[in-house]
Amino acid sequence: MSRVALSIVLPCYNEADNLPPLLERYRAVWEDLPAELVLVDNGSTDDTPAVLARELARPELGFARVVRVMPNQGYGHGIVQGLRAATGDVLAFSHADMQCDAADVFRAYHTLLAQRDPQRALVKGRRQGRRGLQAALITSAMSVITSATLQMLLRDVNAQPKVFPRRLLDEAMPDPPAGFELDLYVLHQARRAGLREVTIPVVFGARAHGQSKWSFSLVSRWKTIRRVLSYTVDLRRTRGRP
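Residues numbered from 1 in each chain as written. Predicted model: local features only at pLDDT ≥ 70, side-chain atom pairs only at ≥ 80, totals over all residues. Heavy atoms only, no water.

1. Side note on the sheet that holds strand 7 (residues 196-203)
Overall, mixed pairing links the seven strands, which are arranged 3-2-1-4-6-5-7 in an open sheet. If you trace the sheet from one side to the other, it starts and ends with strand 3 (64-69) and strand 7, each paired once. Averaged over all pairs of adjacent strands, the angle between their axes in this sheet comes to 25°, without regard to strand direction. Taken together, the seven bridges between strand 1 (residues 4-12) and strand 2 (residues 35-42) define a ladder with parallel strand orientation. Considered in strand 2, the bridge of Ser-7 is made with Glu-36. Helix 4 (residues 102-113) rests against strand 1, strand 4 (88-93), strand 5 (121-128), strand 6 (162-165) and strand 7 of the sheet, and its axis sits at about 150° to strand 7. (Pairing = 2+ DSSP bridges. Helix = DSSP H or I, 4+ residues; strand = E, 2+ residues; numbered from the N terminus. Axes fitted to C-alpha atoms, helices over the stretch in contact; angles between N-to-C directions. Contact = heavy atoms within 4.5 Å.)

Take a look at the structure:
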């Protein structure tokens, strides 16, 4: 397959109700450049496959295609499979739950191109006006802990989108994690590869349909946080590896 300028990867796990408005939003903001939207059906058990087949039959959504991953092996695994299947010189990933604005991906892409050396930069979102004190406190605490452990400034690790040159995937991501640790891994590997991190302000909206895949309860949220913190320590221990 020939390369395109930008590949946008969205992991879709049981997002059947969110997909029609999501795709309509991407259609509304889609720019006139060689780009593709890679929707990763990440082992969905709801109507996601049928909804994707129906929606992508629409000619106006010809910029989108599906990568199916079976079975679900985690958030990170799905994204990585989409990135590896993508053909873009610049890669991006975000969420498919309508909490992240499609237009932010294109803003991040143009911000990357505006850098002195786009091949040595990564652009990510930084959430503004977070609703809920608990969410803001968790984000701040995670930033402080991961930054101190890895000895590099990491802010709002899980904010989307993330946009970066393909060389980061090809040259500096040999062993990506399968779970929610992927966001931390990408930022860590980017810093180690000498990429400068640039942030853009984004608004993190309310989920339109369904529930979060990781914070649907206090127990699930704590398990995910504990897993990410454990992975942070592992990254510190293996710093000598590529």
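Continuing now.
2. Quick notes on the side chain of Gln-115
Its location among the elements puts Gln-115 in the loop between helix 4 and strand 5. Here Gln-115 falls in the buried class, since its relative accessible area comes to 16%. Among the polar contacts listed, one links the side chain of Gln-115 to the backbone oxygen of Thr-111, at a separation of 2.9 Å. With residues up to four places along the chain from it excluded, the contact list for Gln-115 reads Ala-121, Arg-196 and Val-198. (Buried < 20%, exposed > 50% of the residue type's maximum accessible area, 1.4 Å probe, protein only. Polar contact = N/O pair within 3.5 Å; in protein donor to acceptor, adjacent residues only side chain to side chain.)

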